[in-house]
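As a plain string of letters, each chain reads:
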Amino acid sequence: MEPGEDIALIRLAREGIPKHRTVHIVITVRKKDFRDLIGATRLKAALLDFDGTFTRIGKMYSSAMNGKVQYQTGWQELRRKLPPEGHRALDRHYTLYKRGDITPLEWLYISVACYQEYGLTLDDVIATAGSVPFRSGYGEFIALLNANFKKSFIISFGMKDWIDCRKEFDNFPHQTVASCLLADPKGRITGVEAGVTEDTKGKVAKKLLRQNGWKAEEAFALGNSWHDRHLFEAAGISAYLSHGGYKGSGIDHAAEIERLRGIATAIIFDDTLCGVNDFMAHVLAKTIPE
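Residues numbered from 1 in each chain as written. Predicted model: local features only at pLDDT ≥ 70, side-chain atom pairs only at ≥ 80, totals over all residues. Heavy atoms only, no water.

### Describing the overall build of the protein
Counted only if it meets this: In DSSP terms, a helix is any run of H or I states spanning at least four residues, a strand is any run of E spanning at least two, and both are numbered starting from the N terminus. Exposure categories follow from relative accessible area, calculated using a 1.4 Å probe and restricted to protein chains: below 20% of the type maximum is buried, above 50% is exposed, and the middle band is partly exposed. Residues count as neighbours in contact if any of their non-hydrogen atoms are within 4.5 Å of one another. Each accessible area is a Shrake-Rupley estimate made with a 1.4 Å probe; only the visible protein chains count as cover when residues are assessed.
Looking only at helices and strands, one finds eleven helices and eleven strands in the protein. Looking at the protein as a whole, 50% of its 290 residues qualify as buried. Counting contacts in the protein only where the partners sit at least 6 residues apart, residues at least 24 apart contribute 68% of the total. Total accessible area on the protein stands at roughly 13800 Å², and carbon and sulfur atoms take up 51% of it.

### Looking at the pattern of salt bridges
What counts, and what does not: Should a side-chain nitrogen of Lys or Arg be within 4 Å of a carboxyl oxygen of Asp or Glu, the pair is scored as a salt bridge.
The full count for this structure, using the stated rule, is 17 salt bridges. For the salt bridge of Arg229 with Asp199, the shortest nitrogen-to-oxygen distance reads 3.9 Å. With Arg229 in helix H9 (residues 229-233) and Asp199 in the loop between strand E8 (189-193) and helix H8 (201-211), the pair connects residues that are 30 residues apart, well separated along the chain. We classify Arg229 as buried; its relative accessible area is 12%. A relative accessible area of 36% places Asp199 in the partly exposed class. Of the charged contacts in the structure, one is a salt bridge between Glu258 and Arg261, with a shortest N-O distance of 3.0 Å. Classification of Glu258 as partly exposed rests on a relative accessible area of 47%. On the basis of relative accessible area, Arg261 is assigned to the partly exposed category, the value being 45%.

### Describing the packing of helix H6 (residues 138-148) against helix H11 (residues 274-285)
Between two packed helices, the angle of one axis relative to the other and the distance separating the axes together describe the packing. Short version of the rule: All axes are obtained by fitting lines to C-alpha atoms, using only the stretch in contact for helices, and the reported angles, taken between N-to-C directions, cover 0 to 180 degrees. For classification, angles of less than 35 degrees are called roughly parallel, those exceeding 145 degrees roughly antiparallel, those between 65 and 115 degrees roughly perpendicular, and all remaining angles oblique. The handedness criterion is simple: a crossing whose near helix is rotated anticlockwise from the far helix by less than a right angle is left-handed, and one whose near helix is rotated clockwise is right-handed. Each residue gets one label: Ala, Val, Leu, Ile, Met, Phe, Trp, Tyr, Cys and Pro are nonpolar, Asp, Glu, Lys and Arg are charged, and the others, such as Gly, are polar.
Direction vectors running N to C along H6 and H11 enclose 25°, while the axes themselves pass 9 Å from each other. In terms of axis orientation, H6 runs roughly parallel to H11. Taken as a pair, H6 and H11 cross one another with a handedness that is left-handed. Taken together, the residues of H11 that come into contact with H6 (itself represented by Glu140, Phe141, Leu144 and Asn148) are Val276, Asn277, Met280 and Leu284. Residues belonging to the contact of H6 with H11 are distributed by class as follows: five nonpolar, two polar and one charged.

### Notes on the nonpolar core
Defined as follows: Throughout, nonpolar core names a set of buried Ala, Val, Leu, Ile, Met, Phe, Trp, Tyr and Cys residues whose side chains join them through atoms within 4.5 Å.
Formed by 55 residues in total, the largest nonpolar core has its most connected members in Phe54 and Phe279. Considering every element that reaches this core, the biggest residue donor is helix H4 (residues 104-117), with five residues. Residues Leu208, Trp226, Tyr240 and Leu260 belong to the second largest nonpolar core, which totals 24 residues.

### So, the packing of helix H3 (residues 84-99) against H4
Two elements in contact, H3 and H4, have axes separated by 10 Å at closest approach and are oriented at 175°. By the criterion of interaxial angle, the relationship of H3 to H4 is roughly antiparallel. Residue-level inspection shows Gly86, Ala89, Leu90, His93, Tyr94 and Tyr97 of H3 in contact with H4, the latter providing Pro104, Trp107, Ile110, Ser111, Cys114 and Tyr115. Grouping the constituent residues of the contact of H3 with H4 by class yields nine nonpolar, three polar and no charged.

### Focus on the pairing of strand E11 (residues 266-269)
The following threshold applies: Only strands joined by at least two bridges in the DSSP assignment are considered to pair.
Alignment of strand E2 (residues 23-30) against E11, held across four bridges, turns out to be antiparallel. From the neighbouring strand, Ile27 faces E11, where its bridge partner is Ala266. Of the pairings in the sheet, the one linking strand E10 (residues 237-241) to E11 comprises three bridges and is parallel in character. By the bridge assignment for E11, Ala239 is matched with Ala266.

### Considering the packing of aromatic side chains
Formally: Aromatic pairs are defined between Phe, Tyr and Trp rings, using the six-membered ring for Trp, whenever the two ring centres lie within 6.5 Å; interplanar angles under 30 degrees are classed as stacked, those over 60 as edge-to-face, and all others as tilted.
Per the counting criterion, the structure on display carries 19 aromatic pairs. Each ring, one from Tyr97 and one from Trp107, has its centre 5.2 Å from the other, and the planes form 20°; the classification is stacked. Within this pair, whereas Tyr97 is found in helix H3, its partner Trp107 is found in helix H4, the two being separated by ten residues in sequence. Comparing Tyr97 with Trp107 shows no difference in burial state: the two are buried. Taken together, the aromatic side chains of Phe50, Phe54, Phe134, Tyr138, Phe141, Phe169 and Phe172 make up a single cluster linked through ring pairs.

### Description of unusual backbone geometry
Phi at Lys286 is positive, roughly 60°, even though this residue is not glycine. Counting through the fold element by element, Lys286 comes out in the segment after H11. We classify Lys286 as partly exposed; its relative accessible area is 36%.

This is a description of form; function is not addressed.
As structure tokens, this is what we get:
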């Protein structure tokens, strides 16, 4: 986009919501191009990240804990079950991964081997990674997906074990594409059946679309970080939920915004899914709020 071209800065606020809850949404293409895009789009497939997109990252009040609790990604939450030496082992390999010395797939195998070494179980996974609170607005978002899309896919560099256990998805028909832990009869982790990594999200998404006879223009993608860039590129319309939370991507929030503004259709500055719901409602109605 050339300097000075007209982009849309949308501020959405529902009646009765305090001013500080106004959601800022930046459309990264010209208004005319965005209007043409949603006018010609017939969305059929939803391509969705899970950790940090459906789940909360950051501090929130917990009545059970009688105060604020810090939540991170599923991977980070599972670390709570490891002793200090397990944390140090994971930190060493995570540094290698961020430097590019080992691949995402190698990091996945090494991490699961660490869980196996310290005797973690599937119950540990569900108690930590599988219990991170969902973002506010998730119910309305799922209702929008159920009503307007033929299929929804969760494509995650996480584990099916902490995604498919969620009761929030009981009334949400979807297909999860992710890695799956292997366990012995007592539930102790013994290995992993590798699935998606951050590098292969886009390939998986495109394969799913081809299998259903759909084009990229018929897909909507939602994610919350630089790790979802390939997911955004696989869809005709995409939204980056930019909440400034835990950064497992290795780049700070401002740099992530700068990189993703050239990839995602919209940047939604919100710590809930309410802004996503409002954005989707306008896309489905083929309108642009002025």
